[in-house]
Amino acid sequence: MAVTSRVKASVSLGEVMIEDWKAAGLLKPSTIKPMIFTAEKRLIRKVLGQLKEEDKRQLKQSLEVIMN
């Protein structure tokens, strides 16, 4: 899934607003976009943080919606 800080006023199908973005280690309010991709490990510069439980729950719900 892709994470972006380009937050729109309303979310599209499959998008999830990260409610606790500061605790997740993000620099700005962010949204998870329903884009699944594979990146080579060497291309990842750094890990910013980790989603809190409520945001993980919302992400799982979103995945269920777009996968069904």
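Asker: Looking at this structure, how should I read helix α1 (residues 53-67)?
Answerer: Given 3.6 residues per turn, any residue in an α-helix points the same way as the ones three and four places further on. Relative to the 21 Å expected for 15 residues at 1.5 Å per residue, α1 spans 21 Å between its end C-alpha atoms, a close match to the ideal helical length. Its buried side turned inward, α1 meets β2 (16-17) and β3 (31-33).

Asker: Where do I start with the side chain of Thr4 in this structure?
Answerer: Here Thr4 is to be found in strand β1 (residues 2-4). A distance of 3.0 Å separates the side chain of Thr4 from the backbone nitrogen of Arg6, its partner in a polar contact. Among all residues touching Thr4, those that are not within four sequence positions of it are Pro29, Ser30, Thr31 and Lys33.

Asker: Even after reading the chapter, I still don't get the sheet that holds β1, so can you show me in this structure?
Answerer: The strands that make up a sheet pair up through hydrogen bonds in the backbone, lying either parallel or antiparallel. On the basis of which strands lie adjacent, the open sheet formed by three strands has the order β1-β3-β2 and antiparallel pairing. Each of the sheet's edge strands pairs with one partner strand only, and the pair in question is β1 and β2. One ladder, built from two bridges, connects β2 with β3; its direction is antiparallel. Bridging from a neighbouring strand, Val16 pairs with Ile32 of β3.

Asker: Would you take a moment to explain the pattern of salt bridges for this structure?
Answerer: Pairs can form between side chains of opposite charge once their charged atoms are near each other. By the definition in use, this model includes five salt bridges. Residue Glu15 is joined to Lys33 by a salt bridge in which the shortest nitrogen-to-oxygen separation is 2.7 Å. One end of the pair, Glu15, is in the loop between β1 and β2; the other, Lys33, is in strand β3, and 18 residues separate them in sequence. Between Glu53 and Lys56 there is a salt bridge; the shortest N-O distance is 3.6 Å. A residue pair is termed a helical-turn pair when its members lie 3 or 4 positions apart in one helix, as Glu53 and Lys56 do in helix α1 at three residues. In this structure, a network of salt bridges that share partners links the residues Lys8, Glu15 and Lys33.

Reading guide: rules and limits
Residues numbered from 1 in each chain as written. Predicted model: local features only at pLDDT ≥ 70, side-chain atom pairs only at ≥ 80, totals over all residues. Heavy atoms only, no water. Helix = DSSP H or I, 4+ residues; strand = E, 2+ residues; numbered from the N terminus. Expected span 1.5 Å × (residues − 1). Contact = heavy atoms within 4.5 Å. Polar contact = N/O pair within 3.5 Å; in protein donor to acceptor, adjacent residues only side chain to side chain. Pairing = 2+ DSSP bridges. Salt bridge = Lys/Arg side-chain N within 4 Å of Asp/Glu carboxyl O.

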